[in-house]
Amino acid sequence: MSSWRSLLLRLGEKCPEYAGNADFKDQIDACHSLVRREIEHSEDDVFPFLLQCAEQLPHKIPLYGTLIGLLNLENEEFVSKLVESTQINLQDALETGQCNKIRILMRFLTVLMCSKVIQPSALVVIFESLLSSAATTVDEEKGIPSWQARADFYITCILSCLPWGGAELVEQVPEEIERVMVGVEAYLSIRRRVSDAGVSAFEDIEETNNVVNEKDFLEDLWSRVQDLSNRGWKLDSVPRLHLSFEAQLVAGKSHDLSPVSCPEQPGPPGALSGIAFGRQKHEAELKYPQRIRRLNIFPSNKTEDLQPIDRFVVEEYLLDVLFFLNGCRKECAAYMVGLPVPFRYEYLMAETIFSQLLLLPQPPFRPIYYTLVIIDLCKALPGAFPAVIAGAVRALFDKITDLDMECRTRLILWFSHHLSNFQFIWPWEEWAYVLDLPKWAPQRVFVQEVLEREVRLSYWDKIKQSIENAPALEELLPPRGGPQFKYSAEDGTDPTERALSLELKDMVKGRKTAREMISWVEENVFPAHGFDITLGVVVQTLLDIGSKSFTHLITVLERYGQVIAKMCTDDDQQVKLIMEVSSYWQNSAQMTAIAIDRMMSYRLISNLAIVRWVFSPLNLDRFHVSDSPWEILRNAVSKTYNRISDLRKEISSLERSIVLAERAASRAGEELESAESKLSVIDGEPVLGENPVRIKRLKSYAEKAKEEEVSVRESLEAKEALLARAVDEIEALFLSLYKSFLTALAEPLHDASRDGTLRPSGHADDMTIDLEDSSVMELDKDDEQPKKSHPNGSGERKGYNLDEKQQWCLTTLGYLKAFTRQYASEIWQHIEKLDAEVLTEDTHPLVRKAIYCGLRRPLEE
């Protein structure tokens, strides 16, 4: 990397490029001197790189803004192009709905205003454009209130610029910025308060769906900005580097900034039906999602003493780094540790990362990314961050009862993976008391599931060794044994069946074909022994042959899957097939899930059969004490949904290809027609048409272009037919899934609910946990080493007072809400059928509430 690129990229960092000098002013001077000279002969290289740095390292925007202000003193044309490009990029981002780009570019323009590069009034014009669009959107008569998510986002963008430029705006254009503030306040008075029902990490399924009296995210940000205004716009988290160069910057020319226009309303104004409103609202929230939902898992005396606006700014920094550096985890961790703020923020950093890991309906990136970032942060801050993470785990564990089921699953997966990177070391003795809790208590189930996942990532003896300080927890480890082969020599099975199994193994060793094996089954086994025994022999034997490794299993299914497919042609038979698989792998939830998933991939098992098996009496009693049946169900629904998603992407790509093919065919046809219509002179005589050789070549091009267009159209028709079948398939799957939930919940809810509630009276008091006393690992202020905290044992904790049926209902309702939320986009497309066949008048209120919460659909609809 050339030296000027290194200086730009590392601006604001204590690094070799700046000889270890951490003074921002000196760094800006050094960078300015080099970049200024570089622009003279490499402007086309410097221009995009500088913009890229500002957009993708937004926590350093004040440094880049000051640098550009200095460049403006000597090269107004370069900076003018930069301002124009930024305005064009902002307009494009607004039209395409690129939320992160809109927010960052507005912050960049605000900082440029502070550096005298653009006029404050021009920035206010942009604010007012966004404000006007937002106010129109939420207007009941002129707008489309279902798209309030976009309006809220625009107002959030305005308010989030003020920590970076509020002081300058108030100083230079007080009346204009006051007009904007009044407009924001007016907007807040007419918009609907946004409820987090259905997407809150900590939420009781029985809580009302109505909006509570707490502030939503936008109202909270407004109160933080008001607090900042009341303190004279002074904050510690935004470096005001332009002030160090103010005497120079005032001499620069402020450039014109063209106004921006917001996209048109997404549809005509007017009243919408409840379903149409819900669909549009869901679409808007997907396109303009809320960036963070604070967990508040640490007690106030454990977190850094920050001003309200400083917390918001540091969250912005952290989220920006996580977003823009998602492909460079080590750089990401390094930047998160070195934010340009003068105070410590380890607790806030941990809470922000967990807020993303547990963000609903889904995190911005796959959970593994946050796992790796946390690992790198623990290595970067070994004296402080591991203890903070331990405190976060304890706090979340103590609140696990109220944690959303999907968040609970993510937490289990993250924690087990995290421990696997630190030799599985954890003070398990603190949690040994869970053995005194009922087997269905969420804390006990959490410990059990974490240990099971650890065994998957290591091996049984290693995990047993890791809990040697709490040996009693061995009770929660999964079974140690391997597969349970029904026809092993030690078993007292029927000698005839065992002989059939040995004969089948010999056929596999002899590399008999699937057709030969099918003939053997149909002629020799099935007539004499019936379907159940035949199925047991075939499935158990093939699974045993494939039990050595995942590759062995795949090979067996690819080679002999037709045998199973020939035997199991309907859902009833496929349910029995799944029962044989689960019987063989009864000691390994992981291999059970893998085998069933692979069989579904090879179309040996249908998704409807998996739903029937999961909701069979064999599994119903495990819903609240094991994640195993839910894992299998998640895999089945996910695989079905992914098929549709892939088909839609392929169709979208083919539609674009058709447009290109049509253009190519049209262009080739026009060239041929033009060539044929020209007069040429051949052997001194005028002849219609150009050179015959060229005419022949053009005809060939035109024919090939037409054939390509026809081929793409045929591919599109085939994909559309597949999509139509897939849509019918997923509709049948969702109907079956919801009806299974309703049937399973009907009787237990009737028995367990009291006056429409599953909680015993006074449960809130009984389940209260004193986080300040026991949930968080305390840090010694001198050496920051963790003090030994008293485990939250049964002596301090009040009894777990939910009976088994109540916990079963709460768990099952939680999973119902989680499935609905995860696939809400698809479910909204089938909502009429769901309303007609599932959400009838007889549906239990708690079931309806779980589904409505998952869809974020108001109950009063």
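Just so you know, these numbers come straight off a predicted model, no measurement behind them.

## Focus on the pattern of salt bridges
- In this structure the tally under the stated criterion is 62 salt bridges.
- Among the ionic pairs, Arg193 bridges to Glu219, the shortest N-O distance being 2.9 Å. A residue pair is termed long-range when its members are at least 10 positions apart, and Arg193 in the loop between α8 (174-190) and α9 (217-230) and Glu219 in helix α9 qualify at 26 residues.
- Look at Arg193 and you get partly exposed, because its relative accessible area is 32%.
- Residue Asp404 is joined to Arg821 by a salt bridge in which the shortest nitrogen-to-oxygen separation is 2.7 Å. Of this pair, Asp404 sits in the loop between α16 (385-398) and α17 (405-420) while Arg821 sits in helix α31 (residues 804-822); the two residues are 417 residues apart in sequence, bridging distant segments of the chain.
- Asp404 gets classed as buried once you look at its relative accessible area, which sits at 2%.
- Here Arg821 falls in the buried class, since its relative accessible area comes to 4%.
- Residues joined in a network through salt bridges with shared partners are Asp220, Arg224, Arg294, Arg311, Glu315 and Glu351.

## Examining the side chain of Asn607
- The residue Asn607 is located in helix α25 (residues 607-614) in this model.
- The exposure class assigned to Asn607 is buried, which follows from its relative accessible area of 5%.
- Look past the residues within four positions of Asn607 in its chain and what remains in contact with it is Met600, Thr640, Glu729 and Leu733.

## As for the state of the cysteines
- Inspection of every chain in the model, using the stated rule, returns zero disulfides.
- Lacking any disulfide linkage, Cys114 is separated from the closest cysteine sulfur, that of Cys161, by 10 Å.
- When its relative accessible area of 2% is taken as the criterion, Cys114 is described as buried.
- No disulfide involves Cys853; its sulfur sits 14 Å from the nearest other cysteine sulfur, which is in Cys407.

Reading guide: rules and limits
Residues numbered from 1 in each chain as written. Predicted model: local features only at pLDDT ≥ 70, side-chain atom pairs only at ≥ 80, totals over all residues. Heavy atoms only, no water. Salt bridge = Lys/Arg side-chain N within 4 Å of Asp/Glu carboxyl O. Helix = DSSP H or I, 4+ residues; strand = E, 2+ residues; numbered from the N terminus. Buried < 20%, exposed > 50% of the residue type's maximum accessible area, 1.4 Å probe, protein only. Contact = heavy atoms within 4.5 Å. Disulfide = S-S within 2.5 Å.

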